[in-house]
There are 2 protein chains.
Amino acid sequence: MSGSFATSVHLASTAEQEAYLHLQQALRIGRYKPGDRLIPEEIASEIGMSRMPVREAFRRLAADGLVTLRPNRGCVVAGLTLDEIHEIFEIRSVLEGLAVRLATPKMTTEIFEELERLLDRMERAGKSGSNDWVLRHQEFHAIIFNLSERPKLIRQITALHVAIEPYMRIWFDYVNKPLSAREEHQTLIDALRSGDPSHAETVMQEHIIATPNLLADYASPRR
Amino acid sequence: MSGSFATSVHLASTAEQEAYLHLQQALRIGRYKPGDRLIPEEIASEIGMSRMPVREAFRRLAADGLVTLRPNRGCVVAGLTLDEIHEIFEIRSVLEGLAVRLATPKMTTEIFEELERLLDRMERAGKSGSNDWVLRHQEFHAIIFNLSERPKLIRQITALHVAIEPYMRIWFDYVNKPLSAREEHQTLIDALRSGDPSHAETVMQEHIIATPNLLADYASPRR
DNA sequence: GGTTGGATAATTGGATACAAAAATCCAGCA
DNA sequence: TGCTGGATTTTTGTATCCAATTATCCAACC
């Protein structure tokens, strides 16, 4: 709710940043479908600027893996193939595994309480059919990996979460994930409570790698 | 030796690509030092183009973590603090660990021979004091992680190698690494020969994480 | 009827020009 | 002598313009 407003207020930032956030948001919620061409002029006039900052935003989106950029061929929404989705989950598993290993000694009672609260919110969002479930789920993971206090690690994991977000939304529509999610994430909390970093790492890796097999329904038309 | 030529021949590609490769190369060999400001006009006239493609190249370099970009403040070479170097090695350890886990079943006699040959070349480059040692070392790792056949994983690992390359060069000047490198990498080969993916993963993780502690001499002035 | 080739239109890439922001410098003041 | 404030200079960000590349469409030919 803050996002759509911020763009018009020009509060903090440059046009390029605005274009980047605008497009990232649009891609995250799946407004554009994989394979769609992003026409600079369209987007530029939509946000009220020229093509130039939009072009630069494209570069950043490409670096995030959200779009594909080919010389003289424009900008295309980067649909992920099943293999690519699987790969992202593989990478996430070791990255978030590392993060949770580093986070384990830093857990406090307050943070455990926060995680439990989020689990409740996830469940509620899931039952109401709200798409917020995906965001709550991301938040749950973010609380943990943010504790690692490794900026680059956090940035990379976050980028992966953003890249798979539209697929998570679709997945949420297909299978009713939230039902099994509760106990799965409870297992994660239990592993963290054990205080054993290696154990927590293993559990996180298994938790993440278990997911993509269930995503098999949604493949992208092209890249 | 092909690099300096390709830029003048305009063989394949756009100006932005040229600027990107030019700057990446310059940053890899340490031509610019951490904290240096990169002035678009300077670089533009140097390669013979306008500021625009250079600006876009900056974006890509920033995504790679090679430079830092702040609004209205220009482009600064991203010096890595010791903490950041350590973090990159941590990330490398799990990423290349995953890669070697996937690569282990794909090893062939030919590839083992290639690795052994590279080990020889590394040693020779090390003894002659040539900076090529860093490149040979990267190649050694690349042969292994390329076998994983995971494009995104490979891309990420490669980006990390590029980011730490100047530090590896300096490190190579300080401590005479190549002496101990031979047996360290031989251990890696042995682990791969064992055929046990988990074991190879563990050995790779330990191999990588052992490195940054020795890099403690070179800290960057600022970020 | 299907395919190839060329002319035309649309789109992208790059250069220049202009506006806005930041850094610098210098004068005035305490 | 050191600090503050404002004008100037420098640098960055955005828009517009032009060139180059690619896509489209239609006609001629096989």
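Nothing here was measured: the structure is a model prediction, and the numbers come from that model.

Visitor: Give me the lowdown on the protein's contact with DNA strand D, citing residues and values where you can.
Guide: Neighbouring DNA strand D are 17 residues; Ala 15 and Ser 50 of chain A together with Arg 37, Arg 51 and Asn 72 of chain B lie closest to it. When atoms of DNA strand D within 4 Å of the protein are split into backbone and base, the sugar-phosphate part holds 72%. Contact between DNA strand D and Asn 72 of chain A: a sugar or linking oxygen at 3.2 Å from a side-chain N or O atom of the residue. At a separation of 2.7 Å, a phosphate oxygen of DNA strand D approaches a polar backbone atom of Asn 72 of chain B.

Visitor: So, the packing of helix H2 (residues 15-28) of chain A against helix H8 (residues 151-174) of chain A: which residues are in play, and what are the values?
Guide: All names here are of chain A. Axis separation between H2 and H8 bottoms out at 8 Å; the angle between their running directions is 35 degrees. Contacts from Gln 24, Leu 27 and Arg 28 of H2 reach H8 at Val 162, Glu 165, Pro 166 and Arg 169. Across the contact of H2 with H8, the residue classes break down as three nonpolar, one polar and three charged.

Visitor: Which residues make up the interface of chain A and chain B, and what are the values?
Guide: Contact residues are listed per partner, giving 25 residues for chain A and 25 residues for chain B. Approximately 2,400 Å² of surface area, both sides summed, lies buried where chain A meets chain B, with 59% of it carried by carbon and sulfur atoms. Counting across the chain A and chain B interface gives eight salt bridges. Residue Glu 16 of chain B pairs with Arg 59 of chain A through a salt bridge whose shortest N-O separation is 2.7 Å. Our count for the contact surface shared by chain A and chain B stands at twelve residue pairs in polar contact (both at pLDDT 80 or more). Mapped onto the side of chain A that touches chain B, the elements with two or more residues apiece are helix H4 (51-63), helix H5 (82-103) and H8 of chain A. Of the residues in the side of chain A that touches chain B, the class split is 13 nonpolar, two polar and ten charged.

Visitor: Break down the side chain of Glu 201 of chain A for me, citing the residues and quoting the values.
Guide: Residue and element names in this part refer to chain A. By secondary structure assignment, the location of Glu 201 is in helix H10 (residues 197-209). Accessibility expressed as a relative area gives 10% for Glu 201, which makes it buried. Every residue in contact with Glu 201, bar those within four places of it in the chain, is listed here: Gly 97, Leu 98, Val 100 and Arg 101.

Visitor: If you had to explain the sheet that holds strand E1 (residues 37-38) of chain A to someone new, which residues and values would you point to?
Guide: Note: strands within a sheet are paired through backbone hydrogen bonds, in either parallel or antiparallel orientation. Ordered by their spatial adjacency, three strands build an open sheet running E1-E3-E2 (chain A), and the pairing between neighbours is antiparallel. The strands lining the two open edges of the sheet, one partner per strand, are E1 and strand E2 (67-70) of chain A.

Visitor: Give me the relation of the copies chain A and chain B: which residues, what numbers.
Guide: Expressed as a screw transformation, the operator carrying chain A onto chain B has a rotation angle of 180 degrees and an axial translation of 0.1 Å, and the superposed copies differ by an RMSD of 0.1 Å. Put plainly, the chains are arranged around a two-fold axis. Taken as a fraction of all interface residues of chain A, those also at the interface in chain B reach 100%, which identifies the copy contact as same-surface.

Visitor: Report on the pattern of salt bridges, specifying residues and quantitative values.
Guide: Counted by the stated rule, this structure contains 32 salt bridges over all chains. A salt bridge links Arg 150 of chain A to Glu 90 of chain B; the shortest N-O distance between them is 2.6 Å. Remark: Glu 90 of chain B occurs in helix H5 (residues 82-103) and Arg 150 of chain A occurs in the loop between helix H7 (132-146) and H8; the pair is interchain, linking two chains. What makes Arg 150 of chain A buried here is its relative accessible area of 19%. For Arg 182 of chain B, the salt bridge identified is with Asp 120 of chain B, shortest N-O distance 2.9 Å. Taken as a pair, Arg 182 of chain B in helix H9 (residues 178-194) and Asp 120 of chain B in helix H6 (residues 109-127) lie far apart in primary sequence, 62 residues in all. Overall, the relative accessible area of 23% leaves Arg 182 of chain B in the partly exposed class. The exposure class assigned to Asp 120 of chain B is partly exposed, which follows from its relative accessible area of 32%.

Visitor: Describe the packing of aromatic side chains, naming the residues involved and giving the relevant values.
Guide: Scanning the model with the defined rule gives zero aromatic pairs over all chains in all. Positioned above the aromatic ring of Phe 112 of chain A is the side chain of Arg 193 of chain A, whose terminal nitrogen or guanidinium carbon lies 4.4 Å from the ring centre. It is Arg 60 of chain B that lies over the ring of Tyr 20 of chain B; its NZ or CZ is 3.9 Å from the centre.

Visitor: I'd love a proper account of the protein's contact with DNA strand C, names of residues and values included.
Guide: Near DNA strand C, the surroundings consist of 17 residues, among which Arg 37, Met 52 and Arg 55 of chain A together with Ala 15 and Ser 50 of chain B are the closest. For DNA strand C, the backbone portion of the atoms within 4 Å of the protein, that is sugar and phosphate, comes to 66%. In the model, a phosphate oxygen of DNA strand C is placed 3.3 Å from a nitrogen or oxygen of the Arg 73 of chain B side chain. A total of three residues in the surface near DNA strand C trace back to one element, the largest contributor, which is H4 of chain A. Residue composition of the surface near DNA strand C, grouped by class: seven nonpolar, five polar and five charged.

Cut-off values and rules
Residues numbered from 1 in each chain as written. Chains lettered and ligands numbered in written order. Predicted model: local features only at pLDDT ≥ 70, side-chain atom pairs only at ≥ 80, totals over all residues. Heavy atoms only, no water. Near = heavy atom within 4 Å. Polar contact = N/O pair within 3.5 Å; in protein donor to acceptor, adjacent residues only side chain to side chain. Axes fitted to C-alpha atoms, helices over the stretch in contact; angles between N-to-C directions. Helix = DSSP H or I, 4+ residues; strand = E, 2+ residues; numbered from the N terminus. Contact = heavy atoms within 4.5 Å. Nonpolar A, V, L, I, M, F, W, Y, C, P; charged D, E, K, R; others polar. Buried area = accessible area lost by both parts, 1.4 Å probe. Salt bridge = Lys/Arg side-chain N within 4 Å of Asp/Glu carboxyl O. Buried < 20%, exposed > 50% of the residue type's maximum accessible area, 1.4 Å probe, protein only. Pairing = 2+ DSSP bridges. Least-squares fit on C-alpha atoms with pLDDT ≥ 70 in both. Phe/Tyr/Trp six-rings, centres within 6.5 Å; stacked < 30°, edge-to-face > 60°. Lys NZ or Arg CZ within 6 Å of the ring centre and 35° of its normal.

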